[in-house]
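An overview of the molecular structure
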Amino acid sequence: MGTLGVAVLMLLGLGATQPVRASDHADPTNLTDPTANITDLFFYPDGDDMILIFDVNRALLAPKPYDLAPYDYEIHMDLTTPLSFQDAAIRARYGGTVLVPDQIHPDVTIKVKLQDDVTVKSVTYTGLKDTDKIKTYFGVRDDPFVFPRFFKKNVIAMVMRIPKSAFPADQHDFILWGTTAKDGTEIDHVGRSIRTQLPRFGFINTLAPKDQLTALMARKARLDGIYNYLHSAKEWWAVAVADILQFTFQLRPYDLQPDVMVYTDRFPVGYPNGRLLTDDVVAQTCAFGDCLLQEISFIEGGWPRATVNDKPFTAEWPYLAQQWPDQKPAPSNAHSVLPWVILGVVVLFLVAWGVVEIIRHLIRHLVRWWWRRVDA
């Protein structure tokens, strides 16, 4: 088998391990279950309270009702796994270093179930005190993500104002992540904003944070091996495949961190130390090595790049801008490439069959010629 065959098999094997669903707003995977899609996680202090915002269902414009009953929306907080803030590069990208990532666990879990009209069915709090003082909002609001593709779109928003007294006294550090599950099966995950919107991270989307570093290290070793093999080949196209792999799927040295949000009151709040509604996370992640969404925002939004939300946020509860008007779903103009795929498979089959037939006839003629020669 030549280098091309090996390269194709390697890339097919890589693709086979990607999940069918992936996380967050601009993920290149087309979600088959948008109601489960987590779009935002915000966490920041406001006076004596912590503001928690958890949004789902990107690009929402359809009117109610929605099919929300089968879903569990959960926000988890680890209050005890130690963090370090000594590594400046990791703090700039992730807010801090989780010292024992395989011990990440939820000390706090907030579980929300919604009715199909986006009113709350139930909210359960585990690991919090003074839960009667938590203020909540559930409804449809403007999508707060500063990104042109999702301007003039809505999300299903879950907003909570949690008193600091709900947490242990002198709680300084928080590790947060969110999940959605349907009928008990986890579908989507969010931690640090934009992380799993990048194609190379899709495979960790349904892994618990404590298991992610091990999976990241194994995937990095595998992809490094594929890249080194292809990049050292003599064929130019093998090197080209290696370059595509490097840009799209190969893990960077700075990727070996679990996908969680870190917040601490030891430093000023703002991405990646928690996340404020006004944070331009696209520019901030690009400044430290991940520029895919920055490029897309220029491609789809033009010049100058949008750096603020399409609607102003409000200082009044629940802080998110009012929703855009409902719209009936437009008729789909999507076309299918399946006929072309079938045609390609048929053509390949016919070509392969033709080659086999030619070889078979050549062999028959050669055998007959040989036996004639022997008989002579």
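See above for the structure.
Residues numbered from 1 in each chain as written. Predicted model: local features only at pLDDT ≥ 70, side-chain atom pairs only at ≥ 80, totals over all residues. Heavy atoms only, no water.

1. Observations concerning the overall build of the protein chain
Keep this limit in mind: Think of it this way: any DSSP run of H or I at least four residues long counts as a helix, any run of E at least two long counts as a strand, and we number them from the N terminus. Three labels apply to residues, based on accessible area from a 1.4 Å probe with only protein chains included: buried if under 20% of the type maximum, exposed if over 50%, partly exposed otherwise in between. In what follows, a contact means two residues having at least one pair of non-hydrogen atoms within 4.5 Å. Residue exposure ignores everything except the shown protein chains as possible cover, and the areas themselves are Shrake-Rupley values with a 1.4 Å probe. Charged-residue counts in this description rest on Lys and Arg as positive and Asp and Glu as negative, His and the chain ends being excluded. A charge is said to be at NZ when it belongs to Lys, at CZ for Arg, at CG for Asp and at CD for Glu.
In terms of helices and strands, the protein chain carries seven helices and 12 strands. Across its three principal axes, the protein chain shows a C-alpha extent of roughly 105 × 50 × 45 Å. Residues counted as buried form 47% of the 376 residues belonging to the protein chain. Contacts in the protein chain between residues at least 24 apart in sequence constitute 70% of all its contacts with a sequence separation of at least 6. Carbon and sulfur atoms form 61% of the exposed surface of the protein chain, whose accessible area is close to 18,900 Å². Of the charged side chains in the protein chain, 37 are positive and 43 negative; the average position of the first set lies 8 Å away from that of the second.

2. Here we look at the packing of aromatic side chains
For clarity, the cut-off: Aromatic contacts are taken between Phe, Tyr and Trp rings whose centres are within 6.5 Å, Trp giving its six-membered ring; a plane angle under 30 degrees counts as stacked, one over 60 as edge-to-face, and the others as tilted. We call a charge positioned over a ring when the NZ of a Lys or the CZ of an Arg lies within 6 Å of the ring centre and within 35 degrees of the ring normal.
Under the definition given, this model contains 11 aromatic pairs. With a centroid separation of 5.3 Å and an interplanar angle of 20°, the aromatic rings of phenylalanine 145 and phenylalanine 147 are classed as stacked. By the burial criterion, phenylalanine 145 is buried, and phenylalanine 147 matches it. Seen from their ring centres, tryptophan 317 and tyrosine 319 are 5.6 Å apart, and the 80° between their planes marks the pair as edge-to-face. Above the plane of the ring of tryptophan 324 lies lysine 311, whose end atom (NZ or CZ) is 4.3 Å from the centre.

3. Considering the state of the cysteines
Keep this limit in mind: By disulfide we mean two sulfur atoms from cysteines, separated by a distance within 2.5 Å.
Inspection of every chain in the model, using the stated rule, returns one disulfide. The disulfide that involves cysteine 286 links it to cysteine 291, with 2.1 Å between the sulfurs. Handedness here is read from the sign of the S-S torsion; for cysteine 286 and cysteine 291, about 90°, the answer is right-handed. For cysteine 291, a relative accessible area of 28% puts it in the partly exposed group.

4. Side note on the side chain of glutamate 74
What counts is decided by this rule: When a carboxyl oxygen of Asp or Glu is within 4 Å of a side-chain nitrogen of Lys or Arg, the pair counts as a salt bridge. In the analysis that follows, any N or O atom pair within 3.5 Å is treated as a polar contact, provided that within protein one partner can donate a hydrogen and the other can accept it, and provided that, for residues neighboring in sequence, both atoms belong to side chains.
Mapped onto the fold, glutamate 74 is located in strand β3 (residues 71-78). No salt bridge is formed by the buried glutamate 74; the nearest opposite charge belongs to lysine 111, separated by 4.3 Å. One polar contact links glutamate 74 to histidine 76, side chain to side chain, over a distance of 3.2 Å. For glutamate 74, the residues in contact, after removing those within four places along its chain, are Phe54, Thr109, Ile110, Lys111, Trp177, Gly178 and Thr179.

5. Focus on helix α3 (residues 209-231)
Going by this rule: What a helix is expected to span follows from its residue count: subtract one and scale by 1.5 Å.
Taking 1.5 Å of rise per residue, 23 residues should cover 33 Å, and α3 covers 32 Å from first to last C-alpha, within 8% of that figure. Among all positions in α3, only Pro209, Gln212, Leu213, Leu216, Arg219, Lys220, Leu223, Asp224, Ile226, Tyr227 and Leu230 are buried.

6. Brief notes about the environment of threonine 196
Relative to the helices and strands, threonine 196 resides in the loop between β11 (185-190) and α3. In this structure, the C-alpha to C-alpha distance between threonine 196 and aspartate 259, residues 63 residues apart in sequence, is 8.1 Å.

7. A look at the sheet that holds strand β9 (residues 154-163)
Defined as follows: Two strands qualify as a pair provided that DSSP identifies no fewer than 2 bridges between them. Helix axes are fitted to C-alpha atoms over the stretch in contact, other axes to C-alpha atoms as well, and angles between N-to-C directions run from 0 to 180 degrees.
Across the sheet, which stays open at both edges, the four strands sit in the order β1-β2-β9-β8 with antiparallel pairing between neighbours. This sheet does not close on itself; its edge strands, each paired only once, are β1 (38-46) and β8 (135-142). Each strand axis lies, on average, 15° off the axis of its neighbour in the sheet, ignoring direction. In the sheet, strand β2 (residues 49-60) pairs with β9 via nine bridges, with the strands oriented antiparallel. Within β9, the residue paired with valine 56 across the bridge is isoleucine 156.

Just geometry here; none of it tells us what the structure is for.
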